[in-house]
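# Reading the structure
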Number of protein chains: 2
Amino acid sequence: MRQPVELAKSYRLLNHGPTVLVTSAHGGKQNVMAAAWAMPLDFAPAKMLVIIDKKTATRGLIEASGEFALNIPSRAMAEATLKVGSVSGADVDKFAAVGLTTFASSQIGAPLIEGCLGWLECKVIPEPHNQQAYDMFIGEVVAAHADPRVFNGGHWQHDEGVPRSIHYIAGGSFFETGDIFEIKSER
Amino acid sequence: MRQPVELAKSYRLLNHGPTVLVTSAHGGKQNVMAAAWAMPLDFAPAKMLVIIDKKTATRGLIEASGEFALNIPSRAMAEATLKVGSVSGADVDKFAAVGLTTFASSQIGAPLIEGCLGWLECKVIPEPHNQQAYDMFIGEVVAAHADPRVFNGGHWQHDEGVPRSIHYIAGGSFFETGDIFEIKSER
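Report on the accompanying structure. Here the structure is a predicted model, which means the values were calculated and not measured. (Residues numbered from 1 in each chain as written. Chains lettered and ligands numbered in written order. Predicted model: local features only at pLDDT ≥ 70, side-chain atom pairs only at ≥ 80, totals over all residues. Heavy atoms only, no water.)

## A word on the sheet that holds strand S13 (residues 166-170) of chain A
Formally: Two strands form a pair only when DSSP identifies at least two bridges running between them. Starting at the N terminus, helices and strands are each numbered in turn, a helix being any DSSP run of H or I of at least four residues and a strand any DSSP run of E of at least two. To obtain an axis, a line is fitted to C-alpha atoms, over the contacting stretch when the element is a helix, and the angle between two such axes runs from 0 to 180 degrees between their N-to-C directions.
Strand order in this open sheet of 4 strands is S13(A)-S14(A)-S14(B)-S13(B), and the pairing throughout is antiparallel. This sheet does not close on itself; its edge strands, each paired only once, are S13 of chain A together with strand S13 (166-170) of chain B. With direction set aside, neighbouring strand axes in the sheet form an average angle of 35°. Bridge count between S13(A) and strand S14 (residues 173-182) of chain A: 4 bridges; the pairing is antiparallel. The partner of Tyr168(A) across the bridge, within S14(A), is Phe174(A).

Laid out in structure tokens, this is it:
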């Protein structure tokens, strides 16, 4: 289930720091990897930042296509998230290997992953020094979508039983995203 | 309560994407601001990345001193975190205004905030283009500390009742960091 997300509010999908699945495609190949190091970089135009190691197969696909998508997995997808982070797409079709199914992006060539909570389609803003020195890729968000059960009208939903995002720590351990709370302004 | 954290494991303090308090000092002035856009950038030497808007008073202190600290607030500090994000240090002593007390860093001039879960002392790696174009500051971690009740031996602690970090969304709303879970490797 998915609905479009207004680009000016798309940063809210990543503002709380969840771990993402990075999808990419070029020349008939596609790949997916996990990234804990991804975050918003600007509101308008919305930009995202993600670290993509030189050793990954994803790196070549992003450099060749100038595009990537950030998919926000649910806790139910934590095992697949860990698996795609531990095998290389140079050797196998990781989507099939971990049982992930995809659907087409609206603006870019990278596939999006079924069952995620939100999706950000990004076009790379070329920054050769950052890419080389820091493995850092900056993308402008050209389309965003979310599962309206979890993110609707620009807001994460509070309802009991709503799927939650995940935050990788290290060594197979994650934090689940916890409860929402609001600090009331005094004025 | 605090203990040193091995620099090679200091990225784990920020890997799950918590909101941080950024502290800075220069020329007899000090300041604190909140930042949801902060994350690790490298393991060894450990580097952190944080977005600091040009309009902030913190920006001038970081540029002048070449240093900043990232402090990880607990849920009990969420109200103070929101407050320091909504007033400018150009006008008031924000530490006093929101009731935050500080202690001295070990390697840099910026103060650290009492009651936080972890602390990262950073020296800026100058990147003028990133600072100007993206408000992005990269820091090498020169010292790290954590409250051993919540992070000990390089690992976040699972115990019931342990204070939790927070993840800002927007409009005064936060997610609390939820439960830890581990995915077992099949091999």
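From this point, the discussion proceeds with the structure in view.
## A closer look at unusual backbone geometry
Residue and element names in this part refer to chain A. The test is simple: Each residue gets one of three labels from its accessible area relative to the maximum for its type: buried under 20%, exposed over 50%, partly exposed in between, using a 1.4 Å probe on protein chains only.
For the bond from alanine 44 to proline 45, the omega torsion is -5°, close enough to zero to count as cis. Mapped onto the fold, proline 45 is located in the loop between strand S4 (38-43) and strand S5 (46-51). Phi is positive for aspartate 135, close to 60°, though the residue is something other than glycine. Relative to the elements of secondary structure, aspartate 135 occurs in the loop between helix H4 (128-134) and strand S10 (136-146). For aspartate 135, a relative accessible area of 13% puts it in the buried group.

## Observations regarding the relation of the copies chain B and chain A
For the record, the criterion: Each copy is superposed on the other by least squares, with the fit set by C-alpha atoms of residues at a pLDDT of at least 70 in both. The contact criterion used is simple: two residues touch if any of their non-hydrogen atoms lie within 4.5 Å.
Note on the copies: chain B fits chain A at an RMSD of 0.0 Å, the axial shift is 0.0 Å, and the rotation between them is 180°. Each copy turns onto its partner about a two-fold axis. Counting the interface residues of chain B, we find that 100% of their copies in chain A are interface residues as well, pointing to one common contact surface.

## Re the interface of chain B and chain A
To be explicit about the condition: Once two parts are brought into contact, the accessible area they lose, counted with a 1.4 Å probe and summed over both, makes up the buried area. Counted as salt bridges are all cases of a side-chain nitrogen of Lys or Arg within 4 Å of a carboxyl oxygen of Asp or Glu. N or O atoms closer than or at 3.5 Å make up a polar contact, with two conditions inside protein: a donor-capable atom paired with an acceptor-capable one, and, for residues adjacent in sequence, both atoms drawn from side chains.
Chain B puts 48 residues into the contact, and the matching count from chain A is 48 residues. Buried surface at the junction of chain B and chain A, both sides included, amounts to about 4400 Å², of which 64% is carbon and sulfur. A per-residue breakdown of the area chain B buries against chain A is headed by Trp37(B), Phe175(B) and Phe181(B), which together make up 19% of the total. Here chain B and chain A share 0 salt bridges between them. On the surface where chain B and chain A come into contact, there are 21 residue pairs in polar contact (both at pLDDT 80 or more). Elements represented by at least two residues in the side of chain B that touches chain A include exactly strand S4 (38-43), strand S5 (46-51), helix H2 (78-84), helix H4 (128-134), strand S10 (136-146), S13 and strand S14 (173-182) of chain B. Examining the composition of the side of chain B that touches chain A, we find that 10 residues originate from one element, S14(B), more than from any other. Where S14(A) lies against S14(B), 7 bridges are found, and the strand directions are antiparallel. Along S14(B), the bridge assignment pairs Ile180(A) with Phe175(B).

## Things to note about the pattern of salt bridges
One pass over the structure, following the stated rule, counts 18 salt bridges over all chains. A salt bridge links Glu63(A) to Arg59(A); the nearest nitrogen and oxygen atoms lie 3.0 Å apart. Pair noted here: Glu63(A) and Arg59(A) are both in helix H1 (residues 57-65), with a separation of 4 residues, about one helical turn. Given a relative accessible area of 46%, Glu63(A) falls into the partly exposed group. For Lys55(B), the salt bridge identified is with Asp53(B), shortest N-O distance 3.3 Å. Exposure remark for Lys55(B): the relative accessible area of 73% places this residue in the exposed category. Looking at Asp53(B), the relative accessible area reads 31%, which means it is partly exposed. Ionic contacts of the salt-bridge type, sharing partners, join the residues Lys54(A), Arg59(A), Glu63(A) and Asp135(A) into one network.

## Quick look at the nonpolar core
Test applied: Residues grouped as a nonpolar core are buried Ala, Val, Leu, Ile, Met, Phe, Trp, Tyr and Cys residues, joined through side-chain atoms within 4.5 Å.
By size, the foremost hydrophobic cluster in this structure holds 84 residues, and its most contacted members are Val22(A), Met136(A), Val22(B) and Met136(B). With residues near it in sequence (within four places) discarded, Val22(A) still touches Asn31(A), Val32(A), Met33(A), Ala35(A), Val50(A), Ile52(A), Thr58(A), Ile62(A), Phe68(A), Ala69(A) and Leu70(A).

## Things to note about helix H1 (residues 57-65) of chain B
Residues and elements named next belong to chain B. Residues Thr58, Arg59, Leu61 and Ile62 constitute the buried set of H1. Close packing links the buried residues of H1 with strand S2 (20-26), strand S3 (29-35), strand S6 (67-72), strand S9 (118-124), H4 and S10. Trailing H1 by a residue or two, glycine 66 shows a phi angle of about 70°, which is positive.

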